Amino acid sequence: MNKKVKLLDFNIDTYSFESAVEYAKSISGQVVTINPEMMNNRRMIEIVNSSELVIPDGIGVEIGLRICGHNVRRIPGIQFAHRMIDECACDGKSVALVGAKPEIIDKAAENLKNEFENLNIVYKQDGYFKDDERVLNELKYANPRLVLCALGSPKQELFIQEAKKLLPESLFIGVGGSFDVWSGVVERAPEIYQKLGLEWLYRTVKEPQRFKRIFPALPLFVLRVLRERFVPKGV
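Thresholds applied
- Residues numbered from 1 in each chain as written.
- Predicted model: local features only at pLDDT ≥ 70, side-chain atom pairs only at ≥ 80, totals over all residues.
- Heavy atoms only, no water.
- Pairing = 2+ DSSP bridges.
- Helix = DSSP H or I, 4+ residues; strand = E, 2+ residues; numbered from the N terminus.
- Axes fitted to C-alpha atoms, helices over the stretch in contact; angles between N-to-C directions.
- 1 Å grid on protein atoms, 1.4 Å probe; cavity = no way out; pocket = protein on both sides within 12 Å on 5 of 7 lines; lining within 4 Å.
- Points joined across faces, edges and corners; volume = space filled by probe spheres on them.
- Nonpolar A, V, L, I, M, F, W, Y, C, P; charged D, E, K, R; others polar.
- Salt bridge = Lys/Arg side-chain N within 4 Å of Asp/Glu carboxyl O.
- Buried < 20%, exposed > 50% of the residue type's maximum accessible area, 1.4 Å probe, protein only.
- Arc of directions from axis to C-beta.
- Contact = heavy atoms within 4.5 Å.
- Core = buried A, V, L, I, M, F, W, Y, C linked by side-chain atoms within 4.5 Å.
- Polar contact = N/O pair within 3.5 Å; in protein donor to acceptor, adjacent residues only side chain to side chain.

Engineer: Outline the sheet that holds strand β4 (residues 53–56), listing residues and values.
Structural biologist: Across the sheet, 6 strands lie side by side as β4-β3-β8-β7-β5-β6; this open sheet has parallel pairing. If you trace the sheet from one side to the other, it starts and ends with β4 and β6 (120–125), each paired once. Ignoring strand direction, the axes of neighbouring strands in this sheet form an average angle of 20°. Bridge count for strand β5 (residues 94–99) against β6 is 5 bridges, and the pairing is parallel. Directly across from Leu-97, in β6, lies its bridge partner Lys-124.

Engineer: Describe in detail empty space enclosed by the protein, supporting the description with residues and values.
Structural biologist: Counted by the stated rule, this structure contains 1 cavity of 30 Å³ or more. As a volume, the largest cavity reaches approximately 60 Å³. Considering the residues around the largest cavity, the lining is formed by Lys-25, Met-84, Glu-87, Cys-88, Asp-91, Lys-93, Arg-145, Leu-146 and Leu-171. Residue contributions to the lining of the largest cavity peak at 4 residues, all from helix α5 (residues 77–91). Partitioning the lining of the largest cavity into residue classes produces 4 nonpolar, no polar and 5 charged.

Engineer: Quick one: what's the story with the pattern of salt bridges, residue by residue and with numbers?
Structural biologist: Side chains carrying opposite charge are able to pair once their charged atoms draw close together. This structure, assessed with the given rule, holds 14 salt bridges. Salt-bridge contacts for Glu-138 lead to Arg-134; the nearest nitrogen and oxygen are separated by 3.0 Å. With Glu-138 and Arg-134 both in helix α7 (residues 132–142) and 4 residues apart, the pair spans about one turn of that helix.

Engineer: Go over helix α1 (residues 17–25) with me, naming the residues and quoting the values.
Structural biologist: Where α1 is concerned, the buried positions are Phe-17, Ala-20, Val-21 and Ala-24. Projection of α1 onto a plane perpendicular to its axis shows the buried side chains occupying an angular sector of 100°, all on one side. Close packing links the buried residues of α1 with β4, α5 and β8 (171–174).

Engineer: Kindly report on the nonpolar core, identifying the contributing residues and their values.
Structural biologist: Of all hydrophobic cores here, the largest spans 38 residues; its most connected members are Phe-80, Leu-97, Leu-146, Leu-148, Phe-179 and Trp-182. The set of elements that each furnish at least two residues to this core consists of α1, β4, α5, β5, α6 (102–115), β7 (146–150), β8 and α9 (178–183). In terms of residues, this core owes the most to one element, α5, which gives 7 residues. Once residues lying within four places of it in the same chain are set aside, the contact partners of Phe-80 are Phe-17, Ala-20, Val-21, Ala-24, Val-31, Leu-53, Ile-55, Ile-75 and Ile-173. Ranked by size, the runner-up nonpolar core spans 20 residues in total, among them Leu-8, Phe-10, Val-32 and Val-225.

Engineer: Give a description of the side chain of Ser-51 that names residues and reports values.
Structural biologist: With respect to the helices, strands and loops of the structure, Ser-51 is situated in the loop between α3 (44–49) and β4. At 2.8 Å, the side chain of Ser-51 and the backbone oxygen of Ile-47 are in polar contact. Every residue in contact with Ser-51, bar those within four places of it in the chain, is listed here: Gln-30, Val-32 and Lys-164.

See below:
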């Protein structure tokens, strides 16, 4: 059973993984896989709170929810999107991919087709486009059931906000760097890191340039949650 909980003014759904998948299969609109970096951007509040499904992707969000008394498990965005691809392949529903470098999206599409025998990718567009209107019109013509958008946040969320107006029957998911993993260019963290919610640490070790993006975002996020939870308003 789902209920929405509020964390730093962001509404977050509390589905289990399987329940979130079943719910997503029955709806259209925008899925946000929320992480602390998004929640440090106050401009994201309106986008997130107007989305049809918001799942707690980052371990920092799970920690923040627990601090506020909500026992909610994270749902890794890459795992959720991968499962939705599987569901579409099984149900004969089409998929579109938008984002990443040309060679990355091509290889990701190839690998996904090899993995899911009946996968029907009806549209793909790398992230290096300037004409949003063209891409939106092409998406509308392709009319996919599932659109995976890897443009980075908040660009992908803003793009999805416009796209879902044109495709009212489609489900959109912002997937960040998932195409890099599915292409094989970036190795996903070993299972032990996944289970502990430390994929971000593994990738930071592998890609030190990510350090500036993660820090101070994560500690600042936790401090904001602690302040909201324990410091009286107005202090």
